Amino acid sequence: MVLFGTGGETHGGSLWYISLVDLLNGHVEKADKIYTDKYKGIMTPPVLIDITKDGVLDVVMAMFNSSVIAFDGLTFKTIWISHFPSSESYSTPGVGYFNDDAVPDFIVNYQTGPGFPVYYYTQTTILDGRTGQHLLSEPIKMVVGTQSSPLVISAEGFGNDIFLYWVSDCHGVSGEDRNLKFSFVHGTTIHEQSRADFCKLRFKERLFTRMYALNHASGPPGTIVYDSDLRQEVEHRDTLNYTEIGLRFLEKHPNYWSDYYNYPILEKRHVGPHDGGGIQRTISTGTLVKPLSEDGEINYSMDIVFATFWFYPAKTQALVPEDQECIKDRLAGEAERFQPESKYYGLDHDAYEEAVTLECLQKSGHDARYEEGTSRECRRIQSFQSSNGSDDSVSVEDIMSL
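Here's what I pulled together on the structure shown here. Computed from a prediction, not measured in an experiment: that's the story for all the values here.

Let's talk about the overall build of the protein
Argument step 1. The helix and strand inventory of the protein stands at 10 helices and 21 strands.
Argument step 2. Put simply, the protein has 402 residues, and 45% of those count as buried.
Argument step 3. Put simply, 56% of the contacts in the protein that link residues at least 6 apart link residues at least 24 apart.
Argument step 4. Accessible area of the protein: about 21600 Å², with a carbon and sulfur share of 53%.

Structural data, given as structure tokens:
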């Protein structure tokens, strides 16, 4: 039996099953549906585990669209559903025994917000394998979150398994502050949004990443296994300078110089290691391996192997509620751009929105004056300011002259 999914992040799809024989013989039309989502597709692999104790593997899946669903492996009927409203997940559940019954439980990870890459916060929790109910009194919340799947180390006795999960959060932020809604300045690309420094943009704080080990006895959040603040110096010690590597290649192959200088996408080439001084994402699942032992003695511990990823952040601007309210109020008075005596006279809607957005950011002190990562019009405005050596508010005459 083969399970497969269809669809994508922004269009519906289904979870299907088909016999291996039919698949190998090209009879895809014999596939049958287990589940359909009209709005979003099937993005992550399911977990196959017997939770009904009938000797048949059941299917437990963290759907991309807001729900964890357990299907009976014999009938494919729904056993239970656990909802995470307005959330998405790219993570496969981790399986282990958290409470003291004989049914395995599941650690899951969901990101809440409008959709990739704009998430207001992330929550991690553990679901009861029998009912789908939450076993933690409160989910573990974080600002940035991760898309890596959790791991579980099996230990002797029910409720002793160790659940490993990642936290990506901001220093100095706690409680309801994590729910702060935001959006990006109009025109910011998806690529720029996904590589933003969310902690700096939203809270003017630094990001940190940690891996925790959690079980029933320790309680949340658990014991810290990895802390990016403590490892930053070590992980940057032998950083490869890919700019230097590329230039060495060009020295040996000068016929590629024209391609390098005429590359159409990059507006600005960064020189040096692409780490931005400490922006980290955890997007890959680690693995558990037997401990390395030179003496051959039996070792009952477990090693964890995972990759860390530091990158150069995109220079973006985000709008927090204060800015959004200011822009909303200004757009309510958009009729002023039709008045000949107004300094906004002659602007179309887009140019007017760009102008008031920049003014609201300047008013709140959130105007980062970035050269890239903001919208095309803002970059043109900032370029004009830079060329004239001015830090004053942009006038409409300046905008019209661009």
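Anyway, onward from the coordinates.
As for the packing of aromatic side chains
Argument step 1. As enumerated under the stated definition, the model contains 19 aromatic pairs in all.
Argument step 2. With a centroid separation of 5.0 Å and 70 degrees between ring planes, the pair formed by Phe64 and Tyr90 is classed as edge-to-face. Residue Phe64 is located in the loop between strand S5 (58–62) and strand S6 (65–71), and its partner Tyr90 is located in the loop between strand S7 (78–88) and strand S8 (94–96); the two are separated by 26 residues in the primary sequence.
Argument step 3. Owing to a relative accessible area of 21%, Tyr90 belongs among the partly exposed residues under this scheme.
Argument step 4. Ring centres 6.3 Å apart and planes at 55 degrees place the aromatic pair Trp80 and Phe106 in the tilted group. Taken together, the residues span a long stretch of sequence, with Trp80 in strand S7 and Phe106 in strand S9 (residues 105–112) at a distance of 26 residues. Exposure class is identical for Trp80 and Phe106. Each is buried.
Argument step 5. Three or more aromatic residues joined by ring pairs form one cluster here, namely Tyr120, Phe182, Phe184 and Phe198.
Argument step 6. The aromatic ring of Tyr121 is capped on one face by Lys141, whose charged end is 4.3 Å from the ring centroid.
Argument step 7. Seen from the ring of Phe208, Arg210 lies directly overhead, with NZ or CZ sitting 4.2 Å from the centre.

Things to note about empty space enclosed by the protein
Argument step 1. Applying the stated rule across the entire model yields two cavities of 30 Å³ or more.
Argument step 2. For the largest cavity, the full set of lining residues is Ile107, Asn109, Thr124, Thr146, Ser148, Ser149, Pro150, Tyr165 and Trp166.
Argument step 3. Across the lining of the largest cavity, the residue classes tally to four nonpolar, five polar and no charged.

Quick look at the state of the cysteines
Argument step 1. A complete count under the given rule lists two disulfides for this structure.
Argument step 2. Put simply, Cys170 and Cys199 are joined by a disulfide, and their sulfur atoms are 2.0 Å apart. When the S-S torsion is -85 degrees, as for the bridge of Cys170 with Cys199, the disulfide is left-handed. Taken together, the residues Cys170 in strand S13 (residues 162–170) and Cys199 in helix H3 (residues 198–203) connect sequence positions 29 residues apart.
Argument step 3. With relative accessibility at 2%, the residue Cys170 sits in the buried group.
Argument step 4. The disulfide partner of Cys326 is Cys360, and the gap between their sulfur atoms is 2.1 Å. With the S-S bond torsion at -80 degrees, the cross-link from Cys326 to Cys360 turns out left-handed. Linking Cys326 in helix H7 (residues 321–332) with Cys360 in helix H8 (residues 349–364), this pair joins segments that are 34 residues apart in sequence.
Argument step 5. Cys360 gets classed as buried once you look at its relative accessible area, which sits at 2%.
Argument step 6. In the protein, the bonded cysteines, numbered by position in the sequence, are linked as 1-2, 3-4.

Rules used in this analysis
Residues numbered from 1 in each chain as written. Predicted model: local features only at pLDDT ≥ 70, side-chain atom pairs only at ≥ 80, totals over all residues. Heavy atoms only, no water. Helix = DSSP H or I, 4+ residues; strand = E, 2+ residues; numbered from the N terminus. Buried < 20%, exposed > 50% of the residue type's maximum accessible area, 1.4 Å probe, protein only. Contact = heavy atoms within 4.5 Å. Areas by Shrake-Rupley, 256 points an atom, 1.4 Å probe, with all protein chains shown as cover. Phe/Tyr/Trp six-rings, centres within 6.5 Å; stacked < 30°, edge-to-face > 60°. Lys NZ or Arg CZ within 6 Å of the ring centre and 35° of its normal. 1 Å grid on protein atoms, 1.4 Å probe; cavity = no way out; pocket = protein on both sides within 12 Å on 5 of 7 lines; lining within 4 Å. Points joined across faces, edges and corners; volume = space filled by probe spheres on them. Nonpolar A, V, L, I, M, F, W, Y, C, P; charged D, E, K, R; others polar. Disulfide = S-S within 2.5 Å.

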